[in-house]
Structures are given as structure tokens and as C-alpha cells.
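For reference, the chains in residue letters:
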Amino acid sequence: MNYKIAFLLVFTALFSHNAISQGSPYYKGGFKIKFDDNDNKYVRILTWVQTQANYSDSRAEDQADISFQLRRARLLVYGQITKDFLVLTHIGINSLNSSNMEPVGSVGTPQAFMHDAWAQYNVSDQHVIGGGLHYWNGLSRSNSQGTLNLMTLDNNRASWATLGLTDQFARHIGVFAKGNLGKLQYNVAVNEAIVNGLDSRPLSDISASYQGASLLGTAEAGKTFTGYFAYNFFNLESNFLPYKVGTYMGTQRIFNVGAGFFHHPNGAVMLQNDQPIGENVNLFAVDAFYDAPVGSNGSAITGYAIYQSNDYGTNYLFGPYASGDMLYGHLGYLLPGSESARFQPYTSYNHTFIDATDQDRTIFGLGINAFLNGHNSKLTLEFQNESFQNQTFNRINLQAMIYL
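Here is what the cut-offs are and how they apply
By convention here, each chain's residues receive numbers from 1 onward along its written sequence. Given that the model is predicted, a residue must reach a pLDDT of at least 70 before its local features are reported, and side-chain atom pairs must reach 80 or more before they are shown or counted; all residues, however, enter totals for whole chains, interfaces and linings. Just so you know, side-chain values use all the structure's heavy atoms and leave hydrogens and water out. Put simply, DSSP marks the helices as runs of H or I at least four residues long and the strands as runs of E at least two long, and each gets a number from the N terminus on. Think of it in three bands: residues with accessible area under 20% of the maximum for their type are buried, residues over 50% are exposed, and the middle band is partly exposed, with areas taken using a 1.4 Å probe on protein chains only. By definition, residues are in contact when any of their heavy atoms lie within 4.5 Å. The accessible surface values rely on the Shrake-Rupley method and a 1.4 Å probe; as for residues, cover is taken only from the protein chains in view. Among buried residues, the Ala, Val, Leu, Ile, Met, Phe, Trp, Tyr and Cys ones that are joined through side-chain atoms within 4.5 Å form a nonpolar core. We define a salt bridge as a side-chain nitrogen of Lys or Arg found within 4 Å of a carboxyl oxygen belonging to Asp or Glu. Patch membership requires over 30% relative accessible area and the absence of a salt bridge. Like charges are linked within 9 Å, and nonpolar side chains (Val, Leu, Ile, Met, Phe, Trp, Tyr) within 5 Å. A residue's pLDDT is the predictor's confidence in that residue, given on a scale from 0 to 100. Only Phe, Tyr and Trp rings are paired, with Trp represented by its six-membered ring, and only when their centres lie within 6.5 Å; those with planes under 30 degrees apart are stacked, over 60 edge-to-face, the remainder tilted. Note: two strands are recorded as paired if DSSP finds a minimum of 2 bridges between them.

- Taking an unreviewed UniProt entry as the reference, the chain is identified by name as Short chain amide porin belonging to Psychroflexus longus.

1. Some remarks on the overall build of the chain
Then, in step 1: Helix and strand counts for the chain stand at 3 helices and 19 strands.
Then, in step 2: Referenced to the eigenvectors of the C-alpha coordinate spread, the extents of the chain come out at roughly 70 × 60 × 50 Å.
Then, in step 3: Across the 404 residues that make up the chain, the buried fraction comes to 48%.
Then, in step 4: Within the chain, contacts between residues separated by at least 24 positions form 63% of all contacts whose residues are at least 6 apart in sequence.
Then, in step 5: As presented, the chain carries roughly 18,500 Å² of accessible surface, and 59% of it is formed by carbon and sulfur atoms.

2. Observations concerning the nonpolar core
Nonpolar side chains in soluble globular proteins tend to end up buried together.
Then, in step 1: Among the nonpolar cores identified, the biggest contains 43 residues, and Tyr78, Leu88 and Tyr312 are the most heavily contacted of them.
Then, in step 2: If sequence neighbours within four positions are ignored, leucine 88 has contacts with Leu76, Val77, Tyr78, Asp116, Ala117, Trp118, Leu241 and Tyr243.
Then, in step 3: Listed in part, the 5 residues of the second largest apolar core include Tyr55, Ile368, Phe383 and Ile396.

3. Re unusual backbone geometry
Among all residues save glycine, negative phi is the norm, and among peptide bonds the norm is trans.
Then, in step 1: Look at asparagine 266: it is not a glycine, yet its phi comes out positive at around 60°.
Then, in step 2: What makes asparagine 266 buried here is its relative accessible area of 18%.

4. Quick word on the pattern of salt bridges
Then, in step 1: Overall, the coordinates contain 10 salt bridges when judged by the stated rule.
Then, in step 2: With a closest N to O distance of 3.2 Å, glutamate 192 and lysine 223 form a salt bridge. Here lysine 223 lies in strand β9 (residues 223-232) and glutamate 192 lies in strand β8 (residues 184-192), a separation of 31 residues in the sequence.
Then, in step 3: A salt bridge links aspartate 199 to arginine 201, with the nearest nitrogen and oxygen atoms 2.8 Å apart.
Then, in step 4: Classification of aspartate 199 by relative accessible area gives buried; the value is 3%.
Then, in step 5: Using a relative accessible area of 27% as the deciding quantity, one classes arginine 201 as partly exposed.

5. Observations concerning a nonpolar patch on the surface
Then, in step 1: On the surface, Val175, Val190, Phe225, Phe229, Phe261, Phe284, Val286, Tyr307, Leu327 and Phe353 cluster together to form a nonpolar patch covering roughly 780 Å² of accessible area.
Then, in step 2: Those elements that place two or more of their residues in the nonpolar patch are β9 and β11 (275-294).
Then, in step 3: As for its placement among the helices and strands, phenylalanine 225 is situated in strand β9.

6. Brief notes about the confidence of the model for the chain
Then, in step 1: Averaged over all residues, the pLDDT of the chain is 92; the fraction at 70 or higher stands at 93%.
Then, in step 2: Below a pLDDT of 50 lies the segment residues 3-26, which in the model reaches 44 contacts outside its immediate sequence neighbourhood of four places, other chains included.

7. Describing the packing of aromatic side chains
Then, in step 1: Counted according to the given criterion, the structure contains 17 aromatic pairs.
Then, in step 2: For the ring pair tyrosine 135 and tyrosine 243, a centre distance of 5.4 Å and an interplane angle of 25° mean the geometry is stacked. Here tyrosine 135 is found in the loop between β6 (127-134) and β7 (172-181), whereas its partner tyrosine 243 is found in the loop between β9 and β10 (254-272), with 108 residues between them in sequence. Across this residue pair, the class does not change: tyrosine 135 and tyrosine 243 are buried.
Then, in step 3: For the pair phenylalanine 233 and phenylalanine 255, a centre-to-centre distance of 5.1 Å together with 25° between the ring planes defines the contact as stacked. With phenylalanine 233 in the loop between β9 and β10 and phenylalanine 255 in strand β10, this residue pair connects regions lying 22 residues apart in the sequence.
Then, in step 4: Among the residues examined, phenylalanine 233 registers a relative accessible area of 40% and is labelled partly exposed.

8. Points about the pairing of strand β5 (residues 113-122)
Then, in step 1: Where strand β4 (residues 85-96) and β5 come together, 8 bridges link them in antiparallel fashion. From the neighbouring strand, leucine 88 faces β5, where its bridge partner is tryptophan 118.
Then, in step 2: Bridge count between β5 and β6: 6 bridges; the pairing is antiparallel. Across the sheet, the residue bridging to tryptophan 118 is glycine 132, located in β6.
Then, in step 3: Between β5 and β6, which follow one another and run antiparallel, lie 4 residues.

Here's what the structure looks like:
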């Protein structure tokens, strides 16, 4: 199937949907059970599902060009009995499709697993410490992207810079601190590095492998250090939870500039005289996020840009991860309106300079959101073109999301 024809067909299907009210009359702040009158004792429950239809022109000849998958199904619960401490748990499943389903659902991959589980304590009104399996990531805003309110169909994959290398699905076990210093927000953490990461390639004397904790031991390569600092020029964003908002749809006036780091001593390993030698992993990023209404007709603009310096070790290249520099940005415009379904076309672009090869990776995206009840009921259609190592891949994805 020609991908341009497929894009046109899905686009037509998306916009033949009848427009309904933008805000859900049933949501009203979600499921929050209060146990007192001053909002200090409560439990809040959030649940969401994202389903997709996916087209790719690069699948094997015996595989269908169009497939369906359950991209995410999640349940998040947090609460407190006093304002001094909070506990959060988050379980779910990701990317369930015909290739990884299991006949009776008892074994196999993926299965539902713990995404987050942490406890936190208020040191003061503006400063918090905590620990557990957490998402208080450093490096960048997009490394802590929430999935409830993305602007693009999904996060820029390389921005989840350590997913599966040192953590469990972008979550580490460790301790963290976060808070506000005026308009400057911060979060820092010291974490354990996963021992059985995704990178299990044979060692080489010309390129690094991310296996420090496994091959050198946790005494030498078992801890990671990370942090992120952002200055809020306009409204102060909430940092009550770590999940960064993708677009506020013009309901806030936000302009933030941030910088962050990730440091893993001896995280990478190379062979030297047939012996494994550790190399430090150092990642650094600066980014900017802007979201604001445009005029008085309900339109809004959302923009994000990041420069990320990646040192995963000598000539590192593994899936979306590579030593080198990355530039990424996206821009969206919420079309005027107020009551009916809202539409937001957007574009994105990733350019990664890779040390291990003279061929850069580029990913161009073009998409549109249809907000049927704000983010609570949303359709997203996206086209992506990726070029790398003399190959070009075209993808079209249609996603339906509902969250409560």
C-alpha cells in the first residue's frame, strides 16, 4: 500500500467523526476520594488506555503493512493522610500486539508490571525528599514526559535517554529531592543502575557496550546521578508529580528554560588487552518549553526544543541510543475554537549526529490532534519519515486515547 494513500484514508476517517463538547462533563477533576474537608486526606485514581492502528512500509514481506496494538493501559493511584507525606503506585502494560501476546496471559512479554512506587516527605512547603521506584528523572523535560497529555503521538524516543539501559522503563530505584526556589524548580536523584539491561552485546575493542553494572559489578558501576533545573519565566508549573505536560492547550502561559545531566561512572564497558575496562557515561541537555494562548479566539501555540549531548562511551550505537549530539524540536498550533472538538496540527524533527558513523539519523513528523473532550478523549494521527544508514522508513499511526 502506498503510504500517501494510507495517510489520506486515515485522515478522512479521523475528520468524519462528529464534533462533541471539548470538556468532558463527567470528568470534573477525576476520581478523588476525600476523607476530610481540608483536602489533606485523600486518594486519587487515574486510569488511561491508548490503542493504535499502525502502518509501516518497512516490514518483512510476510508481515502485514497495517497492524493494531494496545500502546498503553495504566492505573495510577496516589494519596495521603496528612499533607506531610504522600505515596504513589503506578502499574500498567505497554505495546501489547499479536507478536507478543500469550495464549492464556500468564507468561510472556509484555505483562502488567510496576511502573512507579515511591513515598515522599515534605521537608517544607517548597521542598520534598523521597525514595522508591520513581520517575524523577534528570537530563531534560522530555526524559520525564507524561503520557496523558502528549502533544505529539508519543515522546521522542531518544529523549528517554536511559530506558532499558540503566532503568526499568525509564524508572530507577533510588532517592530523590525536588522543590522550588522561587521560579527555579529542581529535581535531583541518586539511583541504582539495573544489572540486566537491554544491551547484552559481546564486548568489543572498538565500541562500548552499556554493561558496567553487570560486568564490572555494582561496587564499581552500580550508581547513577541525575538532575534537572528549570526556570519559569511566566506561570510556575506544578511539580507535584514528575510527569511533564506536553501541551496545555493554551490554558496556561508557560515559558521554561531548563538544563540537566545524567552521570553513570563506569556505566559503559570496552575491551582493552582482552580485559573489560569501564567508561563513564555522561549526558547533558538544555531545553526550552513554551505554551500560551494566541489572541482571544481560543487558539494557542506549543513549542519545545532540546539540545542533548550524549556520551554513552566510545562509538556507542545501540537502537535509538548513540554517542554524539541530538537536536529535537516540535511545534503545534491549536486552531481557534471553544465549544466543539478542537484540532491541533503539529510538526516535529529530530537530527542525531552519531560518532560511530558519518551518517546522521533524521526523523520528521507531521500530525494532528483531535481533542474530543480535551486530553480526556483524544485522537491523534501522525506520519513519520526516518532516514538512517541509507535506508528510509515511513510510518503512519492513528491513536485513540481516553483517560479518567
